[in-house]
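Tertiary structure, described
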Amino acid sequence: MVDAPLLVLGASAGGVEALVDVVAGLPGDLPAAVLVTVHTGDRPHSTLARVLARAGPLPAAQATDGEPLRAGRILVAPPDRHLLVRRHGEVVSAVLSAGPTVNRHRPAVDAMFASAARARGLRVVAAVLSGALDDGAVGAALVDRAGGRVLVQDPADARFDSMPRAAAAAVPSARAAPASALGPLLTTTVQELPAGGDVMADTPPTPADDDGMVRSGDPVFLRPDETTATRMACPECGGGLARIDLPRIGYFRCHVGHQYSPRSLEAVQREAAEAKLWTAIAALEEHAALARYLDEGAGPDLDAGEAYIRAAEHSAELAGLMRARLLRGRAS
């Protein structure tokens, strides 16, 4: 029912062990529905629900599309689907979405947190556990903006401390605790939430559900929550990226709905730049080889032969310099 609060847990690298500790500390009569997203990569199956069901007294299952959320039960995001929250009248349900990736992940922690904040506002508790980069920080900031509570795994306790550190930076009021102590702390936080089921967050709809760009006659179309258009292109689809500014973190989204937090965008851009440099090296080396081939067949035309030699040497030199620089970068 609507009055049951939501406890949303997000993790990535090193997060399963932390989740097991957290779930072990949750009581069997927890008065909240629990949703879990772990960045699973491309694996076709997940055993996480079974692992969590054995970890503590709460039953756990992989979420199915449209099922109502119930207090005292854990639902886990399946591979390749965002686990979102939708409210229909007096029923709050899980929704599985094949929508655009967020920080190159599906399921994504930020997507789950944002939908929980939109559906329940003040009745949300979010926890960010071990993981790399800044996944979860934007979602934590949205939960905080909607009036919910944010907790993080103590970075000193996390196998990968980047995610909880980023979330704590985005939400300075976030409380931190080791994973083994988070279960009881989350339980207390849930019990302290304000009563009532009608508090809704003023949050725009998910981009995947918004066809505003299609209907707009403005090529610089911005959604209500978007701050400004940028000159950067989405690494996944090439669409233009808009920036959304929150009090302590900004993030980027294209009109299709791919979304990036700052460190995640930098990481994918770095990878894309390296791939383009290797493509350039391949093109230069192929050109050098072709120019040498043409020089060998130039015959008595010495001017043409010398031009091919110069072109081959130029391309080979550039390719060598670029290759050496990339290899030094990998070694440093």
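Residues numbered from 1 in each chain as written. Predicted model: local features only at pLDDT ≥ 70, side-chain atom pairs only at ≥ 80, totals over all residues. Heavy atoms only, no water.

**A word on the overall build of the protein chain**
Tallying secondary structure elements over the protein chain gives nine helices and 13 strands in all. Viewed in the frame of its principal axes, the protein chain has a C-alpha envelope of about 90 × 45 × 35 Å. Burial analysis of the protein chain (332 residues in total) assigns 47% to the buried set. The centroid of the 33 positive side-chain charges in the protein chain is displaced by 5 Å from the centroid of its 39 negative side-chain charges. (Helix = DSSP H or I, 4+ residues; strand = E, 2+ residues; numbered from the N terminus. Buried < 20%, exposed > 50% of the residue type's maximum accessible area, 1.4 Å probe, protein only. Lys, Arg positive; Asp, Glu negative; His and termini not counted. Charge placed at Lys NZ, Arg CZ, Asp CG, Glu CD.)

**Concerning the sheet that holds strand β13 (residues 259–260)**
The strand order β10-β11-β12-β13 describes an open sheet built from four strands, whose pairing is antiparallel. Across the chains shown, the open sheet's two edge strands, defined by having one partner strand only, are β10 (228–233) and β13. When β10 meets strand β11 (residues 240–245), the two strands line up antiparallel, connected through three bridges. Paired with A233 across the bridge in β11 is G240. (Pairing = 2+ DSSP bridges.)

**A short note on the nonpolar core**
Residues V8, L35, L69, V85 and F113 are the most contacted members of the largest nonpolar core, which totals 41 residues. Broken down by element, the residue count for this core peaks at seven residues, all from helix α3 (residues 109–120). Not counting residues up to four positions away in its chain, the partners in contact with L35 are L7, V8, L9, L69, L75, L83, V85 and M112. Judged by nonpolar contacts, the second largest core, of 31 residues, contains A32, L151, L182 and L186. (Core = buried A, V, L, I, M, F, W, Y, C linked by side-chain atoms within 4.5 Å. Contact = heavy atoms within 4.5 Å.)

**Observations concerning the sheet that holds strand β7 (residues 124–128)**
An order of β3-β4-β2-β1-β7-β8-β9 is seen for the seven strands of this open sheet, with the pairing classed as parallel. Both edges of this open sheet fall to β3 (60–62) and β9 (175–177), since each of them pairs with a single strand only. For this sheet the average axis-to-axis angle between neighbouring strands, irrespective of direction, equals 20 degrees. Summarising the sheet, strand β2 (residues 33–38) and strand β4 (residues 74–76) pair through three bridges and their orientation is parallel. (Axes fitted to C-alpha atoms, helices over the stretch in contact; angles between N-to-C directions.)

**Here's the deal with the packing of helix α4 (residues 137–145) against helix α5 (residues 162–170)**
Angle between the axes and distance between the axes: these two values describe a pair of packed helices. Running from N to C, α4 and α5 point in directions that differ by 35 degrees, and their axes come no closer than 8 Å. Between α4 and α5 lies a crossing whose hand is right-handed. Residues A137, A140 and A141 of α4 form the contact with α5, whose participating residues are A166, A167 and A170. Classifying every residue of the contact of α4 with α5 gives six nonpolar, no polar and no charged. (Left-handed = near helix turned anticlockwise from the far one by under 90°. Nonpolar A, V, L, I, M, F, W, Y, C, P; charged D, E, K, R; others polar.)

**Some thoughts on the pairing of strand β1 (residues 6–11)**
Most of β1 sits inside the fold, with six of its six residues counted as buried. On β1, burial covers both faces: L6, V8 and G10 on one face and L7, L9 and A11 on the other are all buried. Sheet analysis places β1 next to β2, joined by six bridges and oriented parallel. For L7, the partnering residue across the bridge sits in β2 and is V34. The parallel pair β1 and β2, bridged by helix α1 (residues 15–24), forms a crossover whose chirality is right-handed. (Right-handed = clockwise from strand over helix to strand, strands pointing away.)

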